[in-house]
Amino acid sequence: MSPKILVVFNGKGGVGKTTTAVNLAAIFAQTQSVLLVDADTQGSATWWADRGDRTLGYDVSQESDPALLGKLKEIDSYELIVVDTPPALNSEVLAAVIPLADYLLLPTPPAPMDIAALVQTVKKSIVPAGVAHRVLLTKVDSRSLGEALEAQTMLMELDIPACHAFVRTYKAHERAALEGVSITQLKGKNVTEAKADYNRVANEIKRDWKDS
C-alpha cells in the first residue's frame, strides 16, 4: 500500500506552516505510522525535532532533492507522509510533491492581504493540479474571532474550501517548538485549547479522506 501524502504549503513564510506540519503529524501518529518530511531548506521542522529529548511519536527526515521527493509514494513503511514545504511558489520541491499529494493544507493568517495572496496561489497552482485542498486559518487572535469568520466567509464566496476549524495564537506553540515537543506532549497554560484546535483540524481532514 502506498502512503497517503499530506502536503502543508504556502508561498509565504511565517504563516504557521511548520507548526501545523509538526502538530498534525503528532496527532495522526497516535493511530498510524507517520513520517514527516522536512523539504524546506531552512530545516525548521528538523530543528524542532532535534531540540527535544523525547520522541515526537513519528519519524522526521530532511530532504529537499526533487528527484527523491518524487519517489515518496514508493515508501511503503509508513501509512502517512506529511511534507513541510519551502515558502516558494515556483520551487522544484513543490513541482515534485504537489502531483503526489492526496491532500494539500494551506495555512494562512486571516489578514486580508494574506488571504488575497493565497487566493491567487490557489487559483494558479492548486486548482489546476486537481488535488483536494483546504485553507487553514492560523495565528488567529482569540480576542477578535470576527476577522477569522469574515475570512472563512470570503473564501467560501470565492469557492475556495476552508477548514471550519482554525488555529488560535497561543504562547504554547512557541514553547512547544523551543522544547522540541508537539502540542500533544506539552504541559501548561493554554495547552488544552491549542491541542483542541489541531485536533479539530485533524478530524476535518479525516472526514474529507473518508468522503473522498
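What you see is a predicted model; the values in this text were computed from it and never measured.

**Focus: the packing of helix 2 (residues 44-51) against helix 7 (residues 171-179)**
- With their axes 6 Å apart at the nearest point, helix 2 and helix 7 run at an angle of 70° to one another. It follows that helix 2 is roughly perpendicular to helix 7 by the angle criterion. The segment helix 2 lies against helix 7, with W47, W48 and R51 engaging H173, A176, A177, L178 and E179.
- Of the residues in the contact of helix 2 with helix 7, the class split is five nonpolar, one polar and two charged.

**Thoughts on the packing of aromatic side chains**
- The full count for this structure, using the stated rule, is two aromatic pairs.
- Arranged with centres 5.6 Å apart and planes meeting at 35°, the rings of F28 and W209 form a pair that is tilted. Taken together, the residues span a long stretch of sequence, with F28 in helix 1 (residues 17-28) and W209 in helix 8 (residues 191-211) at a distance of 181 residues.
- Ring centres 6.0 Å apart and planes at 80° place the aromatic pair Y103 and W209 in the edge-to-face group. Within this pair, whereas Y103 is found in strand 5 (residues 103-108), its partner W209 is found in helix 8, the two being separated by 106 residues in sequence. Of the two residues, Y103 and W209, both sit in the buried class.
- Put simply, the rings of F28, Y103 and W209 touch in pairs and so form one group of aromatic residues.

**Focus on unusual backbone geometry**
- Look at K139: it is not a glycine, yet its phi comes out positive at around 55°.
- Summarising the element assignment, K139 is placed in the loop between strand 6 (133-137) and helix 6 (145-157).
- Judged by its relative accessible area of 44%, K139 falls in the partly exposed class.

**Section: the packing of helix 1 against helix 2**
- Interaxial distance between helix 1 and helix 2 falls to 9 Å at its minimum, and their mutual angle equals 50°. Between helix 1 and helix 2, the crossing angle belongs to the class labelled oblique. Crossing geometry of helix 1 relative to helix 2 is assigned as right-handed. Here T18, T19, V22 and N23 of helix 1 come into contact with helix 2, specifically with S44, A45 and W48.

**Overview of the layout of surface pockets**
- Considered as a void within the structure, the largest pocket measures approximately 390 Å³ in volume.
- Looking at the lining of the largest pocket, the elements with two or more residues in it are helix 1, helix 2 and helix 7.
- Here the lining of the largest pocket gets four residues from one element, more than from any other, and that element is helix 1.
- The residue inventory of the lining of the largest pocket, partitioned by class, reads seven nonpolar, 11 polar and six charged.

Conventions we followed
- Residues numbered from 1 in each chain as written.
- Predicted model: local features only at pLDDT ≥ 70, side-chain atom pairs only at ≥ 80, totals over all residues.
- Heavy atoms only, no water.
- Axes fitted to C-alpha atoms, helices over the stretch in contact; angles between N-to-C directions.
- Helix = DSSP H or I, 4+ residues; strand = E, 2+ residues; numbered from the N terminus.
- Parallel < 35°, antiparallel > 145°, perpendicular 65-115°, else oblique.
- Contact = heavy atoms within 4.5 Å.
- Nonpolar A, V, L, I, M, F, W, Y, C, P; charged D, E, K, R; others polar.
- Phe/Tyr/Trp six-rings, centres within 6.5 Å; stacked < 30°, edge-to-face > 60°.
- Buried < 20%, exposed > 50% of the residue type's maximum accessible area, 1.4 Å probe, protein only.
- Left-handed = near helix turned anticlockwise from the far one by under 90°.
- 1 Å grid on protein atoms, 1.4 Å probe; cavity = no way out; pocket = protein on both sides within 12 Å on 5 of 7 lines; lining within 4 Å.
- Points joined across faces, edges and corners; volume = space filled by probe spheres on them.

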